[in-house]
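So the chains spell out like this:
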Amino acid sequence: MTKKLKFKKNWFFTSLKIFHRKSNNTAKHFPKLFEAAERSPYTIPGLSKVLSLDKNQQLDFCTAMTPQGLTFTEEYLLISAYCHEHMHHSVIYVLDRFSGIKIKTVILPDFPHAGGLAYDPIHRKLWISNTHRNYAAIAAIPLVDLIQHKTKLAPIGYQQKIVLKDLPRASFLSYDKGYLYVGLFSLKDKGQFACYPIDTKGNLRQTTTKNFVESPYKNLTLLQKIQGLAVYQQYVIFSQSWGPQAGKLFIFDIHLTKDFSNLKEAIKIISTPPYLEQIWVEGHHLYALFESGATNYRTKTPFIMDEVLQIDLKKLLKP
């Protein structure tokens, strides 16, 4: 789907100047990444404060909302965020994908970390990472419900919530060609990810063993500290980040990889600013979300990324 972006002239040039000032400073430290970076219209909402519900189900401003996940639909960019203090309901920001303007904030019915979002374009359904006791879980919201939800007085409801007993947590999500990818972040040990097929009705079809026999991949272990996964052509891209040190993008060629947890099998390793969270492929671009602009992280790094970073994958993948 194509559509020309329309910007007000003053807003465009102001945004452009801010982008170049920040990117020029950051590019000195992360040149390989920023050689492929482009200006993005997507400013991350809610970094100073956002209206949500507190634990008593009362409307209240949260000043600790922290961005975590992002995904694109045909007309929108969706960004998830959770309260760093665990005092307010998590939210989803709905942005116009062409102008970057925030349309609204949708309050979720609970307090998930919401580390991953994934949109299924065939069944027009949004998946959100969640938990259930000691197991991973994912929740689903039809896109039409998300867009038509109007009230600020009540949270939106989940269409379904599915427990995944193969993993202890659902740290991040992605979608590609009829599969939902559910990943486990691990700080010290190897991480994991599972590929669950989505059936013709748009429901997740779980396998009956821990071998994930229906997965298109054989080895499903990951490197440590993985925050996101995206698929582009024959490549699988992982985002890695933890603390104020630089993040990383690891790029693997599916046809050449036997073990995604083996660093030597990555065809490219690219340093990024710290606090990198979810990544998402849309067309020939990689979009990267950072949490460094949130209140609890702004003083921990000089590389504050309060816009979604847009990266030209053709440039990034050049030898």
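Notes on the structure follow. (Residues numbered from 1 in each chain as written. Predicted model: local features only at pLDDT ≥ 70, side-chain atom pairs only at ≥ 80, totals over all residues. Heavy atoms only, no water.)

1. Regarding the overall build of the chain
Right, on to step 1. If you tally the helices and strands in the chain, you get four helices and 22 strands.
Right, on to step 2. A total of 319 residues make up the chain; the buried ones form 56% of that total.
Right, on to step 3. Long-range pairs, those at least 24 residues apart, make up 56% of the contacts in the chain between residues at least 6 apart in sequence.
Right, on to step 4. Just so you have it, the chain exposes about 15,100 Å², and 53% of that area is on carbon and sulfur atoms. (Helix = DSSP H or I, 4+ residues; strand = E, 2+ residues; numbered from the N terminus. Buried < 20%, exposed > 50% of the residue type's maximum accessible area, 1.4 Å probe, protein only. Contact = heavy atoms within 4.5 Å. Areas by Shrake-Rupley, 256 points an atom, 1.4 Å probe, with all protein chains shown as cover.)

2. With respect to the environment of Ile79
Right, on to step 1. Topologically, Ile79 is positioned in strand S5 (residues 76-83).
Right, on to step 2. Measuring from C-alpha to C-alpha, the distance between Ile79 and Leu289 comes to 8.7 Å, with 210 residues separating the pair along the chain.
Right, on to step 3. Look past the residues within four positions of Ile79 in its chain and what remains in contact with it is Pro45, Pro67, Gly69, Leu70, Val91, Ile92, Tyr93, Leu117, Leu289 and Val308.

3. A look at the sheet that holds strand S15 (residues 221-222)
Right, on to step 1. Here we have four strands laid out as an open sheet, ordered S12-S13-S14-S15, and antiparallel in their pairing. The sheet terminates laterally at strand S12 (172-176) and S15, the two strands that pair on one side only.
Right, on to step 2. Sheet topology places strand S13 (residues 179-184) next to strand S14 (residues 191-197); six bridges connect them, and they run antiparallel. In the sheet register, Tyr179 faces S14, and the bridge partner there is Pro197. (Pairing = 2+ DSSP bridges.)

4. Observations regarding the sheet that holds strand S19 (residues 268-272)
Right, on to step 1. Pairing in this open sheet of four strands is antiparallel, and the strands run S16-S17-S18-S19 from one edge to the other. In this open sheet, the two strands that pair with only one neighbour each are strand S16 (226-232) and S19. For this sheet, the mean inter-axis angle between neighbouring strands, taken without regard to orientation, is 20°.
Right, on to step 2. Note: S16 against strand S17 (residues 235-240), six bridges, orientation antiparallel. Residue pairing for S17: Ala230 is matched across the bridge by Ile237. (Axes fitted to C-alpha atoms, helices over the stretch in contact; angles between N-to-C directions.)

5. Some thoughts on the side chain of Asp120
Right, on to step 1. Turning to its location among the elements, Asp120 is positioned in strand S8 (residues 117-120).
Right, on to step 2. Of the side chains with opposite charge, Lys125 lies nearest to the buried Asp120, which makes no salt bridge, at 6.6 Å.
Right, on to step 3. Within the local environment of Asp120, its side chain forms a polar contact with the side chain of His123, the two groups lying 2.7 Å apart.
Right, on to step 4. Sequence-distant contacts of Asp120, defined by excluding residues within four places in its chain, comprise Lys125, Trp127, Tyr175 and Ile198. (Lys, Arg positive; Asp, Glu negative; His and termini not counted. Salt bridge = Lys/Arg side-chain N within 4 Å of Asp/Glu carboxyl O. Polar contact = N/O pair within 3.5 Å; in protein donor to acceptor, adjacent residues only side chain to side chain.)

6. Quick notes on unusual backbone geometry
Right, on to step 1. A positive phi is found at Lys225, a non-glycine position, where the angle reads about 60°.
Right, on to step 2. Following the sequence through the fold, Lys225 ends up in the loop between S15 and S16.
Right, on to step 3. Residues other than glycine seldom take positive phi values, yet Gln233 does so here, at roughly 50°.
Right, on to step 4. Mapped onto the elements, Gln233 comes out in the loop between S16 and S17.
Right, on to step 5. Given a relative accessible area of 47%, Gln233 falls into the partly exposed group.

7. Points about the pairing of strand S20 (residues 276-282)
Right, on to step 1. The buried fraction of S20 amounts to six of the seven residues, a majority that puts the element mostly inside the structure.
Right, on to step 2. Bridge count between S20 and strand S21 (residues 285-290): five bridges; the pairing is antiparallel. What sits directly across from Trp280, in S21, is Tyr287.
Right, on to step 3. The turn joining S20 and S21, which pair antiparallel and follow one another in sequence, is formed by two residues; a positive phi near 65° is taken by Gly283.

8. Some details on the packing of aromatic side chains
Right, on to step 1. Following the criterion strictly, the structure yields 12 aromatic pairs and no others.
Right, on to step 2. Where Phe72 meets Tyr287, the ring centres are 4.6 Å apart and the plane angle is 50°; that geometry is what we call tilted. Here Phe72 is found in strand S4 (residues 65-72), whereas its partner Tyr287 is found in strand S21, with 215 residues between them in sequence.
Right, on to step 3. By relative accessible area, which is 3% here, Phe72 ends up buried.
Right, on to step 4. With 6.3 Å between their ring centres and 15° between their planes, Tyr181 and Phe193 make a pair best called stacked. Separated by 12 residues along the polypeptide, Tyr181 in strand S13 and Phe193 in strand S14 bring together distant segments of the chain.
Right, on to step 5. We classify Phe193 as buried; its relative accessible area is 1%.
Right, on to step 6. Chaining the aromatic ring pairs together yields one cluster made of Tyr181, Phe193, Phe238, Phe252 and Phe260.
Right, on to step 7. Seen from the ring of Phe61, Lys49 lies directly overhead, with NZ or CZ sitting 4.6 Å from the centre. (Phe/Tyr/Trp six-rings, centres within 6.5 Å; stacked < 30°, edge-to-face > 60°. Lys NZ or Arg CZ within 6 Å of the ring centre and 35° of its normal.)

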